[in-house]
Amino acid sequence: MELSLSTRTVGEYTVLEVGGEVDVYTAPRLRERLIELIDAGNHKIVVDLHRVDFLDSTGLGVLVGALKRLRPAGGTFGLVCDKESLLKIFRITALDQVFPIFPTVQAATGGEPDGSAGAAPTA
Amino acid sequence: MATVRLSFSPAPVHVRTARLVGVAVARRAGVAEELLDEVRLAIGEACTRAVALHRQYGLADLVQVEMSDEETYTVRVIDRAPIEAGLGLSALPPDELADESLTDEALTVGVGFALLAGFVEDLQVRPVDEGVGTEVRMVWPVGR
């Protein structure tokens, strides 16, 4: 399945919903979109991965790149993921220690359900 | 003797094709359903690595993927890059992953290798028997 990207605003957060496959072919589009968002002044970003079917090292590299880009701006960067196959990838690479990962968008944007209530992740 | 052999020009767009074929052959070979996600990811990582090496060295040679289902499901992904480049794989410790000075390429290679090593119990990276290049060999059990 091709990569799909859509952006919406939830409170003060910009939520980028990603769908399909993020791999060596499609990851550059994700990188471009994230850079666009950050350069446009969106510094509280949540990437919603719940519709992602496949994520490889290139996709992970893009997500780490965005986190690093947001740091100097004092931004926040969180991921939404509840799919075990993807969570395993984050665990194996130890990137679960690098990214704040939330089960829902609501939890990632400071809501309560299933998340650490109100805790905005700091990049 | 390979059951299925696939060669593709070193372009990112073909890696998905290799993944799809690799999983289709794995399913047919009798690899357990719960391992197929890992097979898909590992074949993708090995092919991504090969494509990156060919592009890094400006090689137009095809990347080869050989899938065999005798006794086990064995996948060999063969690149034609200089051996010292191909064998220079290393996993990155977690605290280095978000290191500012790490290039995107180094990060992706490190993460890719961590995924291969984490998902494939029987993994070997070795020089090819003939000519220049390295072979990533991955083996999974079949449930027959």
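Residues numbered from 1 in each chain as written. Chains lettered and ligands numbered in written order. Predicted model: local features only at pLDDT ≥ 70, side-chain atom pairs only at ≥ 80, totals over all residues.

**Brief notes about the overall build of chain B**
Filter applied, for reference: Secondary structure elements follow DSSP: runs of H or I no shorter than four residues count as helices, runs of E no shorter than two count as strands, and numbering proceeds from the N terminus. Neighbour density around each residue's C-beta defines its exposure: 20 or more other C-beta atoms within 10 Å make it buried, 12 or fewer make it exposed, and counts between make it partly exposed, where C-beta atoms are placed from the backbone. Note that contacts rest on C-beta atoms placed from the backbone: two residues are in contact if these are within 7 Å.
Counting secondary structure elements, chain B contains five helices and five strands. Secondary structure of chain B in N-to-C order comes out as β-α-α-β-β-α-α-α-β-β. Buried positions account for 40% of the 144 residues belonging to chain B. In chain B, 65% of the contacts between residues at least 6 apart in sequence involve partners at least 24 apart.

**Concerning the packing of helix H1 (residues 15-29) of chain B against helix H2 (residues 36-56) of chain B**
Residue and element names in this part refer to chain B. Rule in force here: Axis lines are fitted to C-alpha atoms, over the contacting stretch for helices. Their N-to-C directions set the angle, which ranges from 0 to 180 degrees. The hand of a helix crossing depends on one turn: near helix anticlockwise from the far one by less than a right angle means left-handed, and clockwise means right-handed. Nonpolar residues are Ala, Val, Leu, Ile, Met, Phe, Trp, Tyr, Cys and Pro. Charged residues are Asp, Glu, Lys and Arg, and all others, Gly as well, are polar.
Across the interface, H1 lies against H2 with an axial gap of 9 Å and an inter-helix angle of 145°. Crossing of H1 over H2 shows right-handed handedness. Contacts from Val-15, Ala-18, Arg-19, Gly-22, Val-23, Ala-26 and Arg-27 of H1 reach H2 at Leu-36, Val-39, Arg-40, Ile-43, Gly-44, Cys-47, Thr-48 and Val-51. Classifying every residue of the contact of H1 with H2 gives nine nonpolar, three polar and three charged.

**Some words on the sheet that holds strand E3 (residues 44-55) of chain A**
Residues and elements named next belong to chain A. Worth spelling out the cut-off: Pairing between two strands is assigned when DSSP locates at least 2 bridges connecting them.
The mixed open sheet is built from five strands, whose spatial order is E1-E2-E3-E4-E5. Two strands lie at the open edges of the sheet, namely strand E1 (4-10) and strand E5 (101-102), each paired on one side alone. In terms of strand pairing, E3 meets strand E4 (residues 76-80) through five bridges, oriented parallel. Looking at E4, one finds that Asp-48 is bridged to Val-80. Where helix H1 (residues 27-39) meets the sheet, it contacts E1, strand E2 (13-22) and E3, and its direction lies at approximately 175° from that of E2.

**Some words on the environment of Ala-60 of chain B**
Residues and elements named next belong to chain B. As for its position among the elements, Ala-60 is in the loop between H2 and strand E2 (63-68). A count of 9 C-beta atoms within 10 Å places Ala-60 in the exposed class. C-alpha of Ala-60 to C-alpha of Phe-8: the two residues are 52 residues apart in sequence and 10.0 Å apart in space.

**Quick word on the nonpolar core**
Residues and elements named next belong to chain B. Heads up, the condition is: Take the buried Ala, Val, Leu, Ile, Met, Phe, Trp, Tyr and Cys residues, join any whose C-beta atoms are within 7 Å, and the set you get is a nonpolar core.
If you look at the biggest cluster of nonpolar residues, it comprises 76 residues, and the most contacted ones within it are Ala-42, Ala-46, Cys-47 and Val-77. With ten residues, H2 is the largest single contributor of residues to this core. Setting aside chain neighbours within four positions, we find Val-77 in contact with Ala-46, Cys-47, Ala-50, Val-63, Val-65 and Val-136.

**Things to note about unusual backbone geometry**
Residue Ala-94 of chain A is not a glycine yet carries a positive backbone phi of 65°. Positive phi is not limited to glycine here, since Glu-71 of chain B has a value of about 65°. Counting through the fold element by element, Glu-71 of chain B comes out in the loop between E2 and strand E3 (72-78).

**Overview of the interface of chain A and chain B**
Facing 22 residues of chain A, the contacting portion of chain B comprises 24 residues. Broken down by element, the residue count for the side of chain A that touches chain B peaks at eight residues, all from helix H2 (residues 57-70) of chain A. Looking at side-chain class alone, the side of chain A that touches chain B contains eleven nonpolar, seven polar and four charged residues.

**Quick notes on the environment of Arg-40 of chain B**
For Arg-40 of chain B, the position within the fold is in helix H2. For the pair Arg-40 of chain B and Arg-16 of chain B, spaced 24 residues apart in the sequence, the C-alpha separation amounts to 9.3 Å. With sequence-adjacent residues up to four places away left out, Arg-40 of chain B is seen in contact with Phe-54 of chain A together with Arg-19, Gly-22 and Val-23 of chain B.

**As for H1 of chain B**
So the rule is basically this: Multiplying 1.5 Å by the residue count of a helix minus one yields the expected span of that helix.
Along its 15 residues, H1 of chain B runs 21 Å from first to last C-alpha, staying within 8% of the 21 Å computed at 1.5 Å per residue. Taken from the residues just after H1 of chain B, Gly-30 of chain B is the one with a positive phi, measuring 100°.

**Considerations on the sheet that holds E2 of chain B**
In a beta sheet, neighbouring strands are held together by backbone hydrogen bonds and run either parallel or antiparallel to one another. All names here are of chain B. Within the open sheet, the five strands sit side by side as E1-E2-E3-E5-E4. Their pairing is antiparallel. Each end of this open sheet is capped by a strand with a single partner; those strands are strand E1 (4-8) and strand E4 (122-127). Strand-to-strand, the axes of this sheet are offset by a mean angle of 15°, without reference to chain direction. Summarising the sheet, E4 and strand E5 (residues 134-141) pair through six bridges and their orientation is antiparallel. Bridging across to E5, Val-125 finds its partner in Val-136.

**Remarks on the confidence of the model for chain A**
Heads up, the rule is: Per-residue confidence from the prediction method is given by pLDDT, with values spanning 0 to 100.
The share of residues in chain A with pLDDT of 70 or more is 89%, and the mean pLDDT across the chain is 90. A low-confidence stretch, residues 116-120 of chain A (pLDDT under 50), is modelled with four contacts involving residues beyond four sequence positions or located in other chains.

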